[in-house]
Amino acid sequence: MDHPPGGHGGQDQPAVSEGLPDCYRHPGRETGIRCTRCERPICPECMIDASVGFHCPECVRQGSGSGRGPAPHQPRTLVGGTIAADPRLITKILLGINVAVFIAVLAVGDQYRLVENLDLLGRAYDPAVGHLIGVADGQWYRLLTSVFLHQAPWHIAFNMLSLWWLGGPLEAALGRIRFLALYLLSGLAGGAFTYLLAAPNQGSLGASGAIFGLLGATAVLMRRLNYDMRPVFALLALNLLFTFTWPGIAWQAHVGGLVAGTVIAIGMVHAPREHRALVQYGTCALVLAATIVTVVARTATLPVMFGA
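So, a few notes on the structure that sits alongside this text. Note that this is a predicted model, so its numbers are computed, not measured. (Residues numbered from 1 in each chain as written. Predicted model: local features only at pLDDT ≥ 70, side-chain atom pairs only at ≥ 80, totals over all residues. Heavy atoms only, no water.)

1. Here's the deal with the nonpolar core
Membership of the largest hydrophobic core comes to 54 residues, with the highest contact counts inside it found for I42, L170, Y183 and L214. Contributing elements (two or more residues each) for this core: α2 (89–108), α5 (153–174), α6 (176–197), α7 (208–224), α8 (230–245), α9 (251–269) and α10 (276–305). By residue number, the principal contributor to this core is α7, which donates 10 residues. L120, A136, L188 and L302 belong to the second largest nonpolar core, which has 9 residues in total. (Core = buried A, V, L, I, M, F, W, Y, C linked by side-chain atoms within 4.5 Å. Buried < 20%, exposed > 50% of the residue type's maximum accessible area, 1.4 Å probe, protein only. Helix = DSSP H or I, 4+ residues; strand = E, 2+ residues; numbered from the N terminus.)

So this is what it looks like as C-alpha cells:
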C-alpha cells in the first residue's frame, strides 16, 4: 500500500491482485501502470501526466531533447500537480512540526500550560486565568493548533508512522499544494466535527483527523487506479474498530477527517482535465465552507448552554 501504482482515465493497464511488476526506477514498488511510450512499469512518483496516459521521466527528457520537459508542457502528477524533486517534502515538514511541538510540550511541562492553550476546547472556565476559554470565546486557532499537538508517546508514534506511510504516496500523486490542502482541511474538519458533537469542556488533541483524511484519500486514489482495495479496506476497518472501542479517543475527529479527506480526494482525482483546477479548488473551498459553517453554528448554541 506504500506506493500505489497510477493510471489515467481508461489508458492504464488493468491491475491484478498479484504478480504486478516493479517500477523500473524503484525496485520493490509494485505497479499496474506503464509508460505509454516505452511501456516500462512506473509508480505514482514517476508518472508524468501526458495527453494520453502517463510518461516516465526518461521519455519526457528524451522527447524534449534538452534533458528537461518542454516548457509549454510542464510534467504533472496524476491530478495536475507539479512533479517535485522530493515527493515527500511536505510530508517531512508536517512530521517535523508535529515532533517539534511534541518535544516542546515535554520540555516546558506544565510551566507554560502549552497543552491547555493549544488543545481543541469548545468552552470551559479556566480558574488559572479567571474566565471562559475555548473556540466559542474567539480562540478559533485551537482548531488548527490541536492538529499538531500530542502528549502520549504512543499517540504521536502511531500518527507519525501513519503520516509517513500514507503521506509519501499521496504527495507524489497529488503534488505538494494539493496534498497540504488535503491534510490541513481534513484536520480542520475533524476538529470542527469534534467541536460540534463533543462536550464543550472536553479537550482533544492530535493529528488523527488529518490522518483519517489521508486514509480516505488513499482509498479514493487506489480505486481510481484500479488497485487492489482489500489492504486499504482492512486498514480502514481496523482503524475504525480502534476508534469506537479504544477508550479516550475522540471518534468525532476520525469520522470528520475521513469524510472530508474522501470528499476532497474525489474532487481532486476525478476532476475533468478541462476544468481540473476549478473542480479541485472548488471542492476544497466547499469543505472549508462547511467546516466554517459547522463551527459558527455550534458557537451560536453554546452561549445558551454555557452562559458567560
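Structure shown, so let's carry the discussion forward.
2. Structural notes on the pattern of salt bridges
The full count for this structure, using the stated rule, is 7 salt bridges. With a shortest N-O distance of 3.2 Å, R40 and E58 are connected by a salt bridge. Remark: E58 occurs in helix α1 (residues 57–64) and R40 occurs in the segment before β1 (48–49); sequence separation between them is 18 residues. In this structure R40 comes out as partly exposed when scored by relative accessible area, which is 27%. A relative accessible area of 27% places E58 in the partly exposed class. For the salt bridge of K92 with D86, the shortest nitrogen-to-oxygen distance reads 3.1 Å. (Salt bridge = Lys/Arg side-chain N within 4 Å of Asp/Glu carboxyl O.)

3. Thoughts on the layout of surface pockets
It is a probe the size of a water molecule, rolled over the atoms, that shows where empty space is left. Empty space within the largest pocket amounts to approximately 580 Å³. Only α5, α6, α7, α8 and α9 provide two or more residues apiece to the lining of the largest pocket. Of the residues assigned to the lining of the largest pocket, the class counts are 14 nonpolar, 17 polar and no charged. (1 Å grid on protein atoms, 1.4 Å probe; cavity = no way out; pocket = protein on both sides within 12 Å on 5 of 7 lines; lining within 4 Å. Points joined across faces, edges and corners; volume = space filled by probe spheres on them. Nonpolar A, V, L, I, M, F, W, Y, C, P; charged D, E, K, R; others polar.)

4. Quick word on the state of the cysteines
Inspection of every chain in the model, using the stated rule, returns 0 disulfides. For C23, which is in no disulfide, the shortest distance to another cysteine sulfur is to C46 and amounts to 3.7 Å. Its relative accessible area of 2% is what places C23 among the buried residues. (Disulfide = S-S within 2.5 Å.)

5. A word on a nonpolar patch on the surface
Residues W154, L238, L241, F242 and W246 make up a contiguous nonpolar surface patch of roughly 550 Å² in combined accessible area. At 3 residues, α8 tops the list of elements feeding residues into the nonpolar patch. Its location among the elements puts L238 in helix α8. Relative accessible area serves as the criterion here: at 42%, L238 is assigned to the partly exposed category. (Patch = residues over 30% accessible without salt bridge, like charges linked within 9 Å, V, L, I, M, F, W, Y side chains within 5 Å. Areas by Shrake-Rupley, 256 points an atom, 1.4 Å probe, with all protein chains shown as cover.)

6. Description of the environment of E45
Inspection of the secondary structure assignment puts E45 in the segment before β1. Take E45: its relative accessible area is 25%, and that puts it in the partly exposed class. As a C-alpha pair, E45 and P169 span 124 residues in sequence and 7.2 Å in three-dimensional space. Residues in contact with E45, not counting those within four places in the same chain, are H26, R29, P87 and A172. Within polar-contact distance, the side chain of E45 engages the side chain of R29 at 2.7 Å. (Contact = heavy atoms within 4.5 Å. Polar contact = N/O pair within 3.5 Å; in protein donor to acceptor, adjacent residues only side chain to side chain.)

7. Describing the side chain of S204
Relative to the elements of secondary structure, S204 occurs in the loop between α6 and α7. Here S204 falls in the buried class, since its relative accessible area comes to 11%. Those residues in contact with S204 that sit more than four places away from it in its chain are D119, L120, S146, T194 and A250.

8. Side note on α2
Residues that lie three or four places apart on an α-helix share one face, since the helix turns once every 3.6 residues. In this model α2 runs 28 Å from its N-terminal to its C-terminal C-alpha over 20 residues, within 8% of the 28 Å that 1.5 Å per residue would give. Three or more residues of α2 are buried, namely I90, T91, L94, N98, F102 and V105. Down the axis of α2, the smallest arc covering the buried residues is 120°, so these residues share one side. In this structure, α2 carries I103 and A107 as exposed residues pointing more than 90 degrees from its buried face. Where α2 is buried, its residues contact α3 (114–118), α5 and α6. Where α2 terminates, the next one or two residues include G109, which has phi positive at roughly 60°. (Expected span 1.5 Å × (residues − 1). Arc of directions from axis to C-beta.)

9. Brief notes about unusual backbone geometry
Here the phi dihedral of E39 falls at roughly 65°; this positive angle occurs in a residue that is not glycine. As for its placement among the helices and strands, E39 is situated in the segment before β1. A relative accessible area of 58% means that E39 is categorised as exposed. With a phi angle near 60°, N226 is a residue other than glycine that sits in the positive phi range. In this fold, N226 is placed in the loop between α7 and α8. Of the residues examined, N226 reaches a relative accessible area of 37% and is grouped as partly exposed.

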